[in-house]
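In case you want the letters, here they are:
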Amino acid sequence: MSTRERILGRVRRALADVAPDDTPYERAVERAYAREHGRLDAVAAAGLLAGNLADYRARVHRCAEDGLPAVVGRLLAGRGARTVLVPDGLDPAWLADSDARRVPDLAASTPAELDRVDSVVTGCAVAIAETGTIVLDGGPGQGRRRITLVPDHHVCVVRVPDQVVTSVPLALERLDPTRPSTWISGPSATSDIELDRVEGVHGPRTLDVVLVGRPPGGGPR
Amino acid sequence: MSGTFVGMPAFPEAAREAVADRTLRGNLRHATHTIRAKREKAVAEVSDWAELREAGRRIKDHTLRHLDRYLVQLEESVTAAGGTVHWAADAAEANRIVARLVAETGESEVVKVKSMATQEIGLNEALEAEGVRAYETDLAELIVQLGKDRPSHILVPAIHRNRGEIRDVFRREMGAWGRPAPEGLTDTPAELAEAARLHLREKFLRARVGISGANFMIAETGTLVVVESEGNGRMCLTLPETLISVVGIEKILPTWRDLEVFLQTLPRSSTAERMNPYTSMWTGTTDEDGPRAFHLVLLDNGRTDTLADEVGRQALRCIRCSACLNVCPVYERAGGHAYGSVYPGPIGAILSPQLRGTASGIDASLPYASSLCGACYEVCPVAIDIPEVLVRLRERVVEGGPVVRDGNRVVLRPAKGHAAERAAMRAARWAFARPGALRAGQRLASRTRRLHPRTLPGPGRAWSATRDLPAVPAEPFRDWWRRTRGGEEAE
Ligand code: SF4
């Protein structure tokens, strides 16, 4: 008998005392919890997202669409970035105000090569206001998982309000499980020394999140 | 379960040593008190905590009840997504499988993400015996590995070390494993984290094989989920060419949607954060992004035996958040090492004796490593009634009865006069001789669990009807109080 059969047999014998139950899964588990913790309008959701990101030491910036190149350029220059990783599908306009050398995200690049790049600029798939989380799923402008990991500086652009949801349940609804995803809530941190949070271990130690959307006055985009 | 601490004394002996160690107690006290307050705040932020907890309990119970079906479904999904599934009945088989997979890559070193399952099976030692060096990359695991130490907490294995001790370990040992600690390293946490970053980076960049566990596996989609803070997990999961994940069979969730419950309850319960810094999800392999080969090793190692007990099976709901350790008055004083297993604290007290059986002194004594104050149950995000299981296991040790071991139904003889019972009795005496330990249990607990320590509810009733729990021995208690109270503020 294979180990597979042995384990499955043990499971079935272990459950011999349990009465059979064929309730379909959708009805088997009561989900009395909230889909979101309070409905928020777009302005309030973006505000909550910004507050929670900042609470976990991400640096948050807000601008209108036409101000984005200037903000990204300033963030890269502020770090003294000489090179910047650029994923496929990133809007070239975002980098128009930066003279950092573009390094394309290639399958053939070695981790050591990525380690020599100063910064990376990406978009995201969705952002979660209640938890201060941005999620990348490798879609256009997001790149391979490793490019937002190895460089020490990550600039992530979130479109407000389209890409912002309030809650974890609403974010999962938007994501495709077949795509590898990375959920990022503030820069790399550890609680391993005396259970106290310290920022900055293996991932990028600086996380800049740019919320780009309508101007504060609320005009059309 | 191998990977246990061989020759481990029973809980009371080990605990006595720990209680006498002032530095250790100070470290534990500081860390657990800090996290307790933070956790309460993180949980209070969520208005529907009770409903999330209840849904978590039900999802896990449903999954366990249909575990055979979900295992088969998971295997299909992972395979369809380009992964390879292996089945391991016990630690030895899991270690053999992993060692073979590593050998097939031709590599002699691997990078590891912190994983309880691989600690449980003693994978590092097994690989070492095959000439493969496994580098732990989680900061706390690194501290433990460099210090030739043992983990003492589920989430923060080096919780028993303070910053000064960590600096000393780094200065002394890093050079022998790779890049030495920077000159003039101080004990500020930021500098220690930086030292770990530099030390490990060269290992990540050249690694070709990564080994992980997983917090969740989704049967419907074949997705695995790793929840972490530092980014070492992401390094191990995305940079190597081959990824091997060793995961207990109880880590399954039926659907993608189920993550909406646990991604809310786990971070708040474990590190008291709204969300942990990094969560990775992957489904099989992805072209040109991450490992080209993905192996999932499904581990039984006593889990199906645990599943066979109608009371004890709830321990398999555990999501390893460690909240129960952080609130436990006995853990706070005894420390993680006294539990003689990679699973310390309240969850360890019910999990280890079920995974390993109660034949040894340490395992027979573990169900007594508790004052039954109920604080662990109150904080558990999947509502495991740890006191109920403890009482069940105590009855088992003393009265014997039918259990399943390695898939076979056997009848345990009562442990009367047996070394195991003696160890158990000493443990009971240890716990009950410490009113401080009892009193420090969270007050909220006593509202739901009004337990007088002289009588036991539920299945233990039969036992306490015929025996009195040991009375508090006056002399040892006073000794202990004198020894431990001086210099420490009263509670
Ligand atoms: S038993 Fe509950 S509280 Fe303890 S680690 Fe497991 S899930 Fe967390």
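The following paragraphs examine the structure supplied in this document. The structure displayed is predicted, hence computed values, not measured ones.

Points about helix 2 (residues 22–44) of chain B
(1) Moving on: Taking 1.5 Å of rise per residue, the 23 residues of helix 2 of chain B would be expected to cover 33 Å, and the 33 Å separating its terminal C-alpha atoms lies within 8% of that figure.
(2) Moving on: Among the residues of helix 2 of chain B, those classed as buried are B:L24, B:R25, B:N27, B:L28, B:R29, B:A31, B:T32, B:I35, B:R36, B:R39, B:A42 and B:V43.

Let's talk about the pattern of salt bridges
(1) Moving on: Throughout the structure, instances matching the rule amount to 53 salt bridges over all chains.
(2) Moving on: We note a salt bridge from A:R82 to A:D118, for which the minimum N-O separation is 3.9 Å. Taken together, the residues A:R82 in the loop between helix 4 (68–78) and strand 2 (83–86) and A:D118 in the loop between helix 5 (111–115) and strand 4 (119–122) connect sequence positions 36 residues apart.
(3) Moving on: Assessed through its relative accessible area of 62%, A:R82 is described here as exposed.
(4) Moving on: With its nearest N and O atoms 3.1 Å apart, the salt bridge here joins B:E173 to B:K148. Of this pair, B:E173 sits in helix 9 (residues 163–177) while B:K148 sits in the loop between helix 8 (139–146) and helix 9, and the two are 25 residues apart along the sequence.
(5) Moving on: B:E173 gets classed as buried once you look at its relative accessible area, which sits at 14%.
(6) Moving on: For B:K148, a relative accessible area of 66% corresponds to the exposed category.
(7) Moving on: Ionic contacts of the salt-bridge type, sharing partners, join the residues A:E30, B:E54, B:R57, B:R58, B:D61 and B:R317 into one network.

Some words on the packing of aromatic side chains
Residues and elements named next belong to chain B.
(1) Moving on: Taken as a whole and judged by the stated rule, the model has 4 aromatic pairs over all chains.
(2) Moving on: Aromatic pair Y135 and W177: ring centres 6.2 Å apart, planes at 70°, arrangement edge-to-face. Of the two residues, Y135 is situated in strand 3 (residues 133–136) and W177 in helix 9; the sequence distance between them amounts to 42 residues.
(3) Moving on: Given a relative accessible area of 18%, W177 falls into the buried group.
(4) Moving on: Ring geometry for Y331 against Y339: centres 6.3 Å apart, planes inclined by 35°, an arrangement best described as tilted. A single burial state applies to Y331 and to Y339, both of which are buried.
(5) Moving on: Across the ring face of F262, the terminal group of K60 is positioned such that the distance to the ring centre comes to 5.8 Å.
(6) Moving on: If you follow K203 out to its NZ or CZ, it ends over the ring of Y135, 4.6 Å from the centre.

Rules used throughout
- In this numbering scheme, every chain counts its residues from 1 along its sequence in written order.
- Chains and ligands are labelled by the order in which they are written, letters from A for the one and numbers from 1 for the other.
- Side-chain atom pairs in this predicted model are given and counted only at pLDDT of 80 or more, local residue features only at pLDDT of at least 70, and totals for whole chains, interfaces and linings cover all residues.
- By convention in this description, side-chain values take in all heavy atoms of the structure and omit both hydrogens and water.
- Helix and strand assignments come from DSSP, with helices taken as H or I runs of at least 4 residues and strands as E runs of at least 2, each series counted from the N terminus.
- For a helix, the expected span equals 1.5 Å multiplied by the number of residues minus one.
- When accessible area is computed with a 1.4 Å probe and restricted to protein chains, residues below 20% of their type maximum are described as buried, those above 50% as exposed, and intermediate ones as partly exposed.
- Whenever Lys or Arg places a side-chain nitrogen within 4 Å of a carboxyl oxygen from Asp or Glu, that contact is recorded as a salt bridge.
- Aromatic pairs are defined between Phe, Tyr and Trp rings, using the six-membered ring for Trp, whenever the two ring centres lie within 6.5 Å; interplanar angles under 30 degrees are classed as stacked, those over 60 as edge-to-face, and all others as tilted.
- Placement of a charge over a ring requires the Lys NZ or Arg CZ to be within 6 Å of the ring centre, with the centre-to-atom vector within 35 degrees of the ring normal.

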